[in-house]
Amino acid sequence: MSADWQFETEAIRSGIYRSSQGEHSEGLYLTSSYLFESAEHAAARFDGSDVGNVYSRYTNPTVEMFEKRFAALAGADKAAACASGMSAILGVAMAHLQQGDQVVISRSIFGTSTSLFLQYMQKFGVSVVQVDLTDLDAWRAAINSSTKLLFAETPSNPLSEVADINELATLAHAVNALLVIDNTFCTPALQSPLKLGADISLYSATKYIDGQGRVLGGVVCGSNELVDPVVGFLRTLGATLSAFNAWVLLKGLETLSLRMQRHCDNALRVATWLNENANVAKVYYAGLEGHEGHQLAVRQQSGFGAVVSFEVYGGKDEAFKVINATKMLSITANLGDAKSTIVHPATTTHGRLTLEQRQQAGISEGLIRLSVGLEAAEDIIADLARGLG
Ligand SMILES: *Cc1c(COP(=O)(O)O)cnc(C)c1O
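These figures come from a predicted structure and were not determined experimentally. (Residues numbered from 1 in each chain as written. Predicted model: local features only at pLDDT ≥ 70, side-chain atom pairs only at ≥ 80, totals over all residues. Heavy atoms only, no water.)

1. A word on the overall build of the protein chain
Where we set the bar: Secondary structure elements follow DSSP: runs of H or I of four or more residues count as helices, runs of E of two or more count as strands, with numbering from the N terminus. C-alpha atoms define the radius of gyration in this analysis, and the globule rule sets the expected value at 2.2 Å times the number of residues to the power 0.38. Per-residue accessibility, obtained with a 1.4 Å probe over protein chains only, is compared with the maximum for each type, and a residue is labelled buried under 20%, exposed over 50%, and partly exposed between these values. The contact rule is simple, with two residues in contact once any of their heavy atoms fall within 4.5 Å.
The secondary structure content of the protein chain amounts to 15 helices and twelve strands. For a compact globule of 389 residues, the expected C-alpha radius of gyration is about 21 Å, and the protein chain comes in at 22 Å, within 12% of that figure. For the protein chain, the spread of C-alpha atoms along the three principal axes comes to 75 × 50 × 35 Å. For the protein chain, the proportion of its 389 residues judged to be buried stands at 53%. When contacts within the protein chain are restricted to residue pairs at least 6 apart in sequence, those whose partners lie at least 24 apart make up 71%.

The structure is reproduced here in structure tokens:
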């Protein structure tokens, strides 16, 4: 709306469309289709000579408000809202890949994203190579003339490894491939992959964008040229965002900045406490100075996010004891919620991997993952102290 607005203002003021009722808050348009004034008007909408709503699988005013606001926050020409984070990733893959193409993905991406590429894309003749997120030589070695897409998540889950987005973009662009960054963990409030050279940034809005564990959603951001084909596919597939979910997410954006700041502050306090605890063998959080990715995270992020992992001595039994000793934290695999969550990756999120794959990925039996929420940091720490002392 205004080129000079700061992020916090854009998050509250961008993209508002008001009906003749003059509602102050964003309207929720629960309608599957739209009326035309005449047969001629209907014909004009269908042949494109009149631009407007036809059917909510194509466009909906509430969804459009969310898309416009999100695009402003992500620094993108265009944002396409999707039914979930996975449909955002599928949309990008279907719009930009074809038989014979090669994709290079990092080994540490979200498990279902790995399945999408390995199990389904490969079935249609797209070859997939997995590399270590932070090993630039491995990325370089994997790329060839049929590479069309590089896909990474940074910081990674659950070990908070950080990849250099600018370097990955250089590698991708040398062979005319696209760099796609899943920016779910940072959100546009903490990291702008497009400004760092990525071609597409995408999001599971289910996590911090909603931030209160209510709805599923996804977003794909980039230039018109790259996002338009994704929109075309989503409209055909039907995986567009529902008006209700768009409305919830739109209101979520208004508090995104504040929430992310508090998430980050709490996460750093919890990580620092864990780091000083005698029963903790190692803490994985890029916000800690001792973490390998710390310097890079300082350069490319404005905050370190809220996923903190740590290893306890004594493997799975001890990890289970620490998890079971908590009384307040939610034992669930979800993350990005106001409520802090705790989970044992080796037997849940990464349980489908073989022991060898888990070792390769650095997921030990004593590893615990926290998604630090918005409760008082003292209370989160006190809950962890029940099992850790
Ligand atoms: C949850 C998640 C997804 C998938 O999103 P859904 O909304 O569950 O479909 C993709 N990427 C990351 C990093 C996630 O955390």
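2. Some thoughts on the site of the ligand
Put simply, the rule reads: One heavy atom suffices: a residue is near a molecule or strand as soon as one of its heavy atoms comes within 4 Å of it. Pairs of N or O atoms are called polar contacts if they sit within 3.5 Å, as long as, within protein, a hydrogen donor faces a hydrogen acceptor (for residues adjacent in sequence, only side-chain-to-side-chain pairs). Method for areas: the Shrake-Rupley scheme with a 1.4 Å probe, in which residue coverage is limited to the protein chains shown. Under this grouping Gly is polar, as are all residues other than the nonpolar Ala, Val, Leu, Ile, Met, Phe, Trp, Tyr, Cys and Pro and the charged Asp, Glu, Lys and Arg.
By nearness alone, every residue bordering the ligand is listed as Ser84, Gly85, Met86, Phe110, Glu153, Asp182, Thr184, Phe185, Ser204, Thr206, Lys207 and Gly217. Between an oxygen atom of the ligand and a side-chain N or O atom of Ser204, the distance comes to 2.8 Å. Burial of the ligand by the protein chains amounts to 92% of its free accessible area of 380 Å². Split into classes, the residues belonging to the shell around the ligand amount to three nonpolar, six polar and three charged.

3. Examining the side chain of Ser204
In this fold, Ser204 is placed in strand E6 (residues 200–204). Residue Ser204 is classed as buried on the basis of its relative accessible area, which comes to 12%. If sequence neighbours within four positions are ignored, Ser204 has contacts with Gly85, Thr184 and Gly217.

4. Section: the sheet that holds strand E12 (residues 367–371)
Formally: DSSP calls a pair of strands paired once it identifies at least 2 bridges connecting them. Angular values range over 0 to 180 degrees, each being the angle between N-to-C directions of two axes fitted as lines to C-alpha atoms, with helices fitted over their stretch in contact.
Ordered by their spatial adjacency, five strands build an open sheet running E8-E9-E12-E11-E10, and the pairing between neighbours is mixed. A strand with exactly one partner marks an edge of an open sheet, and here the two such strands are strand E8 (280–284) and strand E10 (330–331). Bridge count between strand E9 (residues 307–312) and E12: five bridges; the pairing is antiparallel. Considered in E12, the bridge of Glu311 is made with Leu367. Packing against the sheet, helix H15 (residues 377–388) makes contact with E8, E9, strand E11 (341–343) and E12, and its axis sits at approximately 15° to E9.

5. Observations regarding the pairing of E9
A large share of E9 lies buried, amounting to six of its six residues. In E9, alternate side chains face the same way, and those of Val307, Ser309 and Glu311 on one face and Val308, Phe310 and Val312 on the other are all buried.

6. A look at the sheet that holds strand E5 (residues 178–182)
Think of a sheet as strands paired side by side through backbone hydrogen bonds, with each pair either parallel or antiparallel. The strand order across the open sheet formed by seven strands is E1-E7-E6-E5-E4-E2-E3, and the pairing between neighbours is mixed. Both edges of this open sheet fall to strand E1 (78–82) and strand E3 (127–131), since each of them pairs with a single strand only. Between one strand axis and the next, the sheet turns by 20° as a mean value, whatever way the strands run. For strand E2 (residues 102–106) and strand E4 (residues 147–153), the ladder comprises four bridges, and the chain directions are parallel. What sits directly across from Val104, in E4, is Leu150. Against the sheet, helix H3 (residues 61–74) contacts E1, E6 and strand E7 (218–222), and its axis sits at roughly 130° relative to E1.

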